Amino acid sequence: MLVHSPTASNSSELRAKKDYHFEYTECDSSGSRWRVAIPNSAVDCSGLPDPVRGKECTFSCASGEYLEMKNQVCSKCGEGTYSLGSGIKFDEWDELPAGFSNVATFMDTVVGPSDSRPEGCNNSSWVPRGNYIESNRDDCTVSLIYAVHLKKSGYVFFEYQYVDNNIFFEFFIQNDQCQEMDTTADKWVKLTDNGEWGSHSVMLKSGTNILYWRTTGILMGSKAVKPVLVKNITIEGVAYTSECFPCKPGTFSDKPGSFICQVCPRNTYSEKGAKECIRCDEDSQFSEEGSSECMERPPCTSKDYFQIHTPCDEEGKTQIMYKWIEPKICREDLTDAIRLPPSGEKKDCPPCNPGFYNNGSSSCHPCPPGTFSDGTKECRPCPAGTEPALGFEYKWWNVLPGNMKTSCFNVGNSKCDGMNGWEVAGDHIQSGAGGSDNDYLILNLHIPGFKPPTSMTGAMGSELGRITFVFETLCSADCVLYFMVDINRKSTNVVESWGGTKEKQAYTHVIFKNATFTFTWAFQRTNQGQDNRRFINDMVKIYSITATNAVDGVASSCRACALGSEQSGSSCVPCPPGHYIEKETNQCVECPPDTYLSIHQVYGKEACIPCGPGSRSTLDHSVCYSDCFFYHEKENQSLHYDFSNLSSVGSLMNGPSFTSKGTKYFHFFNISLCGHEGKKLALCTNNITDFTVKEMVAGSDDYTNLVGAFVCQSTIIPSESKGFRAALSSQSIILADTFLGVTVETTLQNINIKEDMFPVSPSQIPDVHFFYKSSTTTTSCVNGRSTAVKMRCNPAKPGAGAISVPSKCPAGTCDGCTFYFLWESVEACPLCTEHDFHEIEGACKRGFQETLYVWNEPKWCIKGISLPEKKLSTCETVDFWLKVGAGVGAFTAVLLVALTCYFWKKNQKLEYKYSKLVMTTNSKECELPAADSCAIMEGEDNEEEVVYSNKQSLLGKLKSLATKEKEDHFESVQLKSSRSPNI
């Protein structure tokens, strides 16, 4: 009989463990399960242990323990290992851990021929970077996927860094049916501050959970996106863990039952599963925190030290001191190593900054309230009728001001923690050395609030202050300077950034809200993962920082203020909104109508600036705006426009456009044309799926992803381009926040609408132009952005009409600074007048006639006067005049017949008398003629009428004619006397 010794028995057990392992079956309906032995892969064995009843399904071990499957009991983890008990943690990213996978996709539909299609996304993936994993930098959609089966509900937790809104980052969970879980309704991960890690956690349900970290880059320019970084993924809810995890290199666990491994300190290292850290040879080697090996110390170079200026002494001198960059990793005893330059050289101290003074001590102190100083003289009280102009003006950098601080941060390690990110250098402050080239070197300025001077009561939405800084960058790599703003310590947002070498220039940021502000300058020499100092000489220099109207500021000068009427001293009183200070009396006087008060000075009437053409001022004289009514005189004709029906926000979705890889996107514009007392109603959002617009408007004013303006623009990624459930909005910018004026002219304040920019209008109605500008300047638009909206009358476009952009500038702008829009609508037509219609007279019926009024065609007007009602007037019908005409004709005919008969009869009588006379003469030649008688013989008519007027009637003229004819036919006849010649 063979009896196994304990040693032989243990050896058999070890062999058995190599052949198989234990697992639990799925839980049945009663919550029970079995422990079974499973052969390992590529092993063919027999005689496996019989199944035994396992622990209940809800069983789990505590943190620092694991479930020893053979005996089904919880045991403590040994030294050099750790356990979360019922969870798993992924904190080592030298390679992609088991169970994780990468899936890269692109657009479902690619536009264009096959030879012009963009390259695929086969090489795009999440990349392990040691302590974290980094997302893609291109415009592919890449998902990091991990599937886990939970026996009970739990959660997933991870840390991340997400600073660039040009890349969309979403985390969501699906079940085994590829359906999204309800717990990921808010799947859009929020942005983090530069250099800071955020955290995100989501509850998990029991069963299968498929976790997705998905990123999509949006490349619409030459600037590369900054990737998303993820680390320390922890999943809680696993019913048990059957083994402990070894500590990763650079960490250790020196006690049994650990649930976390500790980081090795500087100048030590550890390998995987270490129980303790091993010290480096400090004379020749060094290591950073959490190192897995020691490195040889290099010889010292000029990149390993820096200089500082000491505070001024009583003699007004400062010393130049040289110091090694800490921690010092270089060696001075090696060949070619340099020595630290000698310190102690004295130079004259620069003067104090304006608003500060030196009272004989070695440091500068702020002037007391009510006093001022230019930094070279002692503080003096402000004269009567003036008040201090509070703010900060830092232009001398001997020491770091009290409300500023500097730090260093690295996303992958903590090697620069505790270092000064920036160094003072006399007439400027510059970025420091840091620990490595990819460190963030951070400079902060804290201001508790902004408020206008006493004499200026700022209207809602008006400027309260501004911060201006002068800087330059000197770079040989892809350095970037970020300027960021944090409001009320809620979230830091990038306002502007500059890449590469930039010449000395100034930048101004305007403050519109009284809140606590933290302004941050973050400089990174390169965003590539490097742990060396090859670009140590790349730096940024800031020469001056000026903040106006700061609550806790100091004064370098005094300005005039308003005096109360009952005051005889120098006490200042606030002027009501829209009032300036009259120079002679120092009293508050309201600005004239249609002027706005300057935000920079309120002294004198010249502080009231006239509004632009066609505009008016608000009641508080804070801004100018259009009330939607416009008047224009054209060829002795008055044109009145009413754009009230277009005062609500007009929108334009322009595109599509495509990125270099074919991602489809649109430019979305909102235009708040006029009215609403100058309120800026055009709203554009970033990451619109985070919140609804309603929630953002009703919430805090600090939500910086919502911008309001007269004209704004967003970039819209349609859902079909990337497989999103809804369209995404990003890169929202303000195109116009100041109204300039409205006119029919095409030029206003250097904004010019060229004739060939839009098609010619088919009508003679002049187009009306609205002009706007933005008060914010950028590196590419040094004078800020401007916008021109051409309003064109088009009866074929009812209601809100249609908005378009120039065909040669499909993005609405040709230079990125000036934007042009054409808004066509019937509502852009002038109001109708009496010149826009004519009358039409109808036929006379039954003694009445209608007069109708109709619009001229085509109709180029709207609203205004209405068409007059039709007019009904009396008239004579056609039948009556026919009767009159017939009567007159009959009378004329009778008259002509009577006259003909009369003249014929007259002629007969004349002929009769003549013939009778001739006969009488011939028969009685020897007889004396009888004496003529003037009497009218019987039967004869009186042939003459007495004429009482020199003007003959028609009948008289006819008689005269007859008489003339009689005289013309009378012949002279020699009469023979009847008497004898002897008589």
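Before reading on, note that the structure itself is shown above.
Residues numbered from 1 in each chain as written. Predicted model: local features only at pLDDT ≥ 70, side-chain atom pairs only at ≥ 80, totals over all residues. Heavy atoms only, no water.

Asker: Could you clarify how one ought to interpret the state of the cysteines in this entry?
Answerer: Here, the word disulfide means a covalent bond between the sulfur atoms of two cysteines. A full pass over the atoms with the stated rule returns 17 disulfides. The disulfide partner of Cys475 is Cys479, and the S-S distance across this bridge is 1.8 Å. Linking Cys475 and Cys479, the disulfide has an S-S dihedral of approximately 95° and is accordingly described as right-handed. Residue classification places Cys479 among the buried residues on the basis of a relative accessible area of 1%. Each sulfur in the disulfide pair Cys832 and Cys861 lies 2.1 Å from the other. The chirality of the disulfide connecting Cys832 with Cys861 is right-handed, given an S-S dihedral of about 90°. Taken together, the residues span a long stretch of sequence, with Cys832 in the loop between strand 65 (818-825) and strand 66 (837-845) and Cys861 in the loop between strand 67 (848-855) and strand 68 (871-874) at a distance of 29 residues. An identical accessibility class is assigned to Cys832 and Cys861; each is buried. (Disulfide = S-S within 2.5 Å. Buried < 20%, exposed > 50% of the residue type's maximum accessible area, 1.4 Å probe, protein only. Helix = DSSP H or I, 4+ residues; strand = E, 2+ residues; numbered from the N terminus.)

Asker: So what exactly am I meant to see when it comes to the environment of Leu852 here?
Answerer: With respect to the helices and strands, the residue Leu852 is situated in strand 67. Setting aside residues no more than four positions away along its own chain, Leu852 makes contact with His838, Glu839, Ile840 and Lys870. (Contact = heavy atoms within 4.5 Å.)

Asker: Would you take a moment to explain the packing of aromatic side chains for this structure?
Answerer: Aromatic ring pairs are reported here in terms of the distance separating the ring centres and the angle at which the planes meet. The tally for this structure, following the rule as stated, stands at 44 aromatic pairs. Between Phe469 and Trp498 the ring centres are 6.0 Å apart and the planes differ by 90°, which places this aromatic pair in the edge-to-face class. Of this pair, Phe469 sits in strand 36 (residues 465-474) while Trp498 sits in strand 38 (residues 492-499), and the two are 29 residues apart along the sequence. Owing to a relative accessible area of 0%, Phe469 belongs among the buried residues under this scheme. Between the NZ or CZ atom of Arg33 and the centre of the ring of Tyr24, over which it lies, the distance is 4.1 Å. One residue, Arg35, lies across the ring of Phe22, its end atom 3.9 Å from the ring centre. (Phe/Tyr/Trp six-rings, centres within 6.5 Å; stacked < 30°, edge-to-face > 60°. Lys NZ or Arg CZ within 6 Å of the ring centre and 35° of its normal.)

Asker: I tried to follow the sheet that holds strand 13 (residues 167-174) on my own but got confused; where do I start?
Answerer: In a beta sheet, neighbouring strands pair by backbone hydrogen bonds and run either parallel or antiparallel. Overall, antiparallel pairing links the four strands, which are arranged 8-11-15-13 in an open sheet. The open sheet is flanked by strand 8 (100-105) and strand 13, the only strands paired with a single partner. Adjacent strand axes in the sheet meet at a mean angle of 20° when their direction is disregarded. Pairing of strand 8 with strand 11 (residues 141-150), which is carried by six bridges, proceeds in the antiparallel orientation. By the bridge assignment, Val103 is partnered in strand 11 with Ser143. (Pairing = 2+ DSSP bridges. Axes fitted to C-alpha atoms, helices over the stretch in contact; angles between N-to-C directions.)

Asker: Can you walk me through the pattern of salt bridges in this structure?
Answerer: When the charged atoms of two side chains lie near each other, side chains of opposite charge can form a pair. Scanning the model with the defined rule gives 17 salt bridges in all. When the shortest N-O distance is used, the salt bridge between Arg331 and Asp333 registers 3.1 Å. Judged by its relative accessible area of 56%, Asp333 falls in the exposed class. Residues Glu332 and Arg339 are paired through a salt bridge, measuring 3.8 Å at the closest nitrogen-oxygen approach. Via salt bridges that share partners, Arg129, Glu134 and Arg137 belong to a single interconnected network. (Salt bridge = Lys/Arg side-chain N within 4 Å of Asp/Glu carboxyl O.)

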